[in-house]
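# A closer look at the structure
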Amino acid sequence: LALMFRKEGQIDLAKKYLYKCGNSNNLKATLHLGLGHGFGDWGLEKNLEKGAEWLRKSAELGNSHGMAYFSIILLSGEGVERNEELSDVWARKA
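Each value, and the rule that gives it
- Residues numbered from 1 in each chain as written.
- Predicted model: local features only at pLDDT ≥ 70, side-chain atom pairs only at ≥ 80, totals over all residues.
- Heavy atoms only, no water.
- Helix = DSSP H or I, 4+ residues; strand = E, 2+ residues; numbered from the N terminus.
- Buried < 20%, exposed > 50% of the residue type's maximum accessible area, 1.4 Å probe, protein only.
- Contact = heavy atoms within 4.5 Å.
- Areas by Shrake-Rupley, 256 points an atom, 1.4 Å probe, with all protein chains shown as cover.
- Lys, Arg positive; Asp, Glu negative; His and termini not counted.
- Charge placed at Lys NZ, Arg CZ, Asp CG, Glu CD.
- Salt bridge = Lys/Arg side-chain N within 4 Å of Asp/Glu carboxyl O.
- Expected span 1.5 Å × (residues − 1).
- Axes fitted to C-alpha atoms, helices over the stretch in contact; angles between N-to-C directions.
- Parallel < 35°, antiparallel > 145°, perpendicular 65-115°, else oblique.
- Left-handed = near helix turned anticlockwise from the far one by under 90°.

## Looking at the overall build of the protein
A count of helical and extended segments in the protein gives 6 helices and 0 strands. N-terminal to C-terminal, the α/β element order of the protein is α-α-α-α-α-α. In terms of principal-axis extent, the alpha carbons of the protein reach across some 40 × 25 × 20 Å. Across the 94 residues that make up the protein, the buried fraction comes to 34%. Taking the intrachain contacts of the protein between residues at least 6 apart in sequence as the baseline, contacts between residues at least 24 apart amount to 40%. As displayed, the protein offers around 5,700 Å² of accessible surface, 51% of which is attributable to carbon and sulfur atoms. Charge-centre separation for the protein: the mean point of 13 positive side chains lies 8 Å from the mean point of 12 negative side chains.

Given below as structure tokens:
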């Protein structure tokens, strides 16, 4: 539903359903929340720390894209403490 509302330009409804799905551990929603906060997309505030939290959750839930993005931010240190070793772990899992 979140994607449908976003395509229709109903950003507030899209965010509402995106958070609802993300908080229910939906793999795609956690990824979109992480990227949305990381880039300031979906009408979400740009907040690298929140983006990192959602990407970590996405990775821990088994989303391979979430794993790859979380690995990248761990390597760059954007929104999280830089950690090459942990970045490598998530990159291999992805």
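## Let's talk about the pattern of salt bridges
If you walk through the whole model with that rule in mind, you get 5 salt bridges. Residue D88 pairs with R92 through a salt bridge whose shortest N-O separation is 3.5 Å. Linking D88 with R92, this pair stays in helix α6 (residues 84–93), spanning 4 residues, or about one helical turn. Taking relative accessible area as the criterion, R92 reaches 59% and is therefore assigned exposed.

## Brief notes about helix α5 (residues 64–76)
Taking 1.5 Å of rise per residue, the 13 residues of α5 would be expected to cover 18 Å, and the 19 Å separating its terminal C-alpha atoms lies within 8% of that figure. Regarding α5, the residues found buried are G66, M67, F70, S71, I73 and L74. Residues of α5 that are buried make contact with α3 (27–39), α4 (48–60) and α6. One or two residues past the end of α5 sits G77, with phi positive at roughly 80°.

## Considerations on the packing of α4 against α5
At their nearest, the axes of α4 and α5 sit 7 Å apart, and the two run at 135° to each other. Comparing their axes, α5 and α4 come out oblique. As α4 packs across α5, the resulting crossing turns out to be left-handed. Judged by residue contacts, A52, L55, R56, S58 and A59 of α4 engage G66, M67, Y69, F70 and I73 from α5.

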